Every structure is written in structure tokens, then in C-alpha cells.
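Per-entry structural report
Here are the chains, one letter per residue:
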Amino acid sequence: IPVTITNTGTGDLVVSSITIDDESWAHAAELPLTVAAGSETVVQVLATPGTATVSVYSNTNLTTGPAQVTLTATADQAPAIAIDEMLEGATLEVGDDVDVTAQISDDLDQSNTLSITWRDGNGAVLSTQSSNASGEAQMVWPSSERSAGTQSLELIVSDSCGNTVATQITVC
């Protein structure tokens, strides 16, 4: 979590200490940290899910106490996906190509940046085309990639943190 320390004064701001009231959190600042007048610096706070208070001690708050900010961190969730439910259990004509649509989303990443893989029941990759900006992922399941009988189609989606989710439909 980036925390910006801004010096609005006319002299150097010297940060001597940064404390966090949750021992599972940490900061990545080398102290003492000097921020010139009229400038700012960003300190990265490494967090686990939850809430913590960060206290910044400097030469400007010796009598008033530290500047404090309360931060909340949430865990990155796996993407959410849903293949067009009209296909589940459907009987497909052997010679017809089938348009397949899914809706995908993620709590942090834009849907069109997610990694998408469509696979058939044998594990063959059918498409890796990205979704559009509104989260609609499309592919054509060619008749040449299907045979008569029950088969499955799997959609696997991963976000930038490596969280992966998969769903599967079965058709005949």
C-alpha cells in the first residue's frame, strides 16, 4: 500500500521512525528519511488483510505526537466467471460451429487484462483471446474440434496475482 508523506513546510522534514500497530504489517522505508520542503515521497507499506494504524514520527511533530493514518487491506480475490448457462446440457449439432460467451470480472484487474484459456475435454486449447472491456469473453467452438456424444468445455481465468478459477460445462 503506498503511503505518501508530503512536506508542506519551508524546511526539511526528517522522518525518524514509522511504526505500525499490526506486527504482520511492515514498511519499506530506510530511516531516517528526509523529505525536502515542498516535496513528497512514497513509502510502501506491506500488508496482510485487515486494518492497521501507521504512525509517522518526524522533527515536526515532536510535541504534538506522530501523524497517523489508518489503512485497510483486503486480499485479492480470484476472478469470477460464468459461461452462458444456455449451453449447459445442450445438444449441439455435430456439423455446426457454436458461439460460446462467458462473463468474467475481477476485484482488482480490468477484465480485458485477465488471462483466458478455453479448453476442450481432452485438454486441447481452443482459444486464449482476451475479453472485451465489459468482461465478455467470446470464442467459436468449431465443429471440427467436437465429436458426437457427451463432451466438456472448460474456461480457465487468471488475474495478475496468479489467482486462478475454472468452470466447465457439459454438452452433447
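How each quantity is defined
- Residues numbered from 1 in each chain as written.
- Predicted model: local features only at pLDDT ≥ 70, side-chain atom pairs only at ≥ 80, totals over all residues.
- Heavy atoms only, no water.
- Helix = DSSP H or I, 4+ residues; strand = E, 2+ residues; numbered from the N terminus.
- Buried < 20%, exposed > 50% of the residue type's maximum accessible area, 1.4 Å probe, protein only.
- Lys, Arg positive; Asp, Glu negative; His and termini not counted.
- Salt bridge = Lys/Arg side-chain N within 4 Å of Asp/Glu carboxyl O.
- Polar contact = N/O pair within 3.5 Å; in protein donor to acceptor, adjacent residues only side chain to side chain.
- Phe/Tyr/Trp six-rings, centres within 6.5 Å; stacked < 30°, edge-to-face > 60°.
- Lys NZ or Arg CZ within 6 Å of the ring centre and 35° of its normal.
- Contact = heavy atoms within 4.5 Å.
- Pairing = 2+ DSSP bridges.
- Axes fitted to C-alpha atoms, helices over the stretch in contact; angles between N-to-C directions.
- Patch = residues over 30% accessible without salt bridge, like charges linked within 9 Å, V, L, I, M, F, W, Y side chains within 5 Å.
- Areas by Shrake-Rupley, 256 points an atom, 1.4 Å probe, with all protein chains shown as cover.
- Charge placed at Lys NZ, Arg CZ, Asp CG, Glu CD.

1. Focus: the side chain of D109
- Relative to the assigned elements, D109 resides in the loop between β9 (98-105) and β10 (115-120).
- In this structure D109 is buried but unpaired, with R119 as the nearest side chain of opposite charge at 20 Å.
- Within the structure, D109 has its side chain in polar contact with the backbone nitrogen of S160 (distance 2.8 Å).

2. Some thoughts on the packing of aromatic side chains
- Enumeration over the complete set of coordinates arrives at zero aromatic pairs.
- For the cation-ring pair, R146 lies above W141, with the distance from its terminal atom to the ring centre recorded as 5.6 Å.

3. Points about the side chain of D120
- Summarising the element assignment, D120 is placed in strand β10.
- For the buried D120, no salt bridge is present, and the opposite-charge side chain at shortest range is R119, 7.1 Å distant.
- A polar contact is formed between the side chain of D120 and the backbone nitrogen of N122, at a distance of 2.9 Å.
- From its side chain, D120 meets the backbone nitrogen of A124 in a polar contact 2.9 Å long.
- When neighbours within four sequence positions are excluded, D120 is seen to be in contact with L126, E145 and S152.

4. Points about the sheet that holds strand β14 (residues 164-171)
- Within the open sheet, the four strands sit side by side as β11-β10-β13-β14. Their pairing is antiparallel. Every other strand in the sheet has two partners, leaving β11 (125-127) and β14 as the edge strands with one partner each. Neighbour-to-neighbour, the strand axes of this sheet turn through a mean angle of 30°, independent of strand direction.
- As judged from the two bridges shared by β10 and β11, these two strands associate in the antiparallel manner. Within β11, the position partnered with W118 by the bridge is S127.

5. Notes on the environment of T53
- Note on placement: T53 falls in strand β6 (residues 50-58).
- Along the backbone, T53 and T19 are 34 residues apart, and their C-alpha atoms lie at a distance of 8.3 Å.
- Apart from the residues lying within four places of it in its own chain, the contact partners of T53 are T19, I20, D21, Q68, V69 and T70.
- At 3.3 Å, the side chain of T53 forms a polar contact with the side chain of T70.

6. Quick notes on a negative patch on the surface
- Among the surface-exposed residues, E93, D96, D97 and D99 lie close enough to one another that they form a single negatively charged patch.
- Following the sequence through the fold, D96 ends up in the loop between β8 (80-83) and β9.

7. Topic: the sheet that holds strand β12 (residues 136-141)
- Read from one edge of the open sheet, three strands run β8-β9-β12, paired in antiparallel fashion. Looking at which strands have only one partner, the edges of the open sheet turn out to be β8 and β12. Geometrically, the sheet is characterised by an average inter-axis angle of 20° between neighbouring strands, direction not taken into account.
- Of the strand pairs in this sheet, β8 and β9 are connected by four bridges, and their pairing is antiparallel. Of the residues in β9, the one forming a bridge with A80 is S105.

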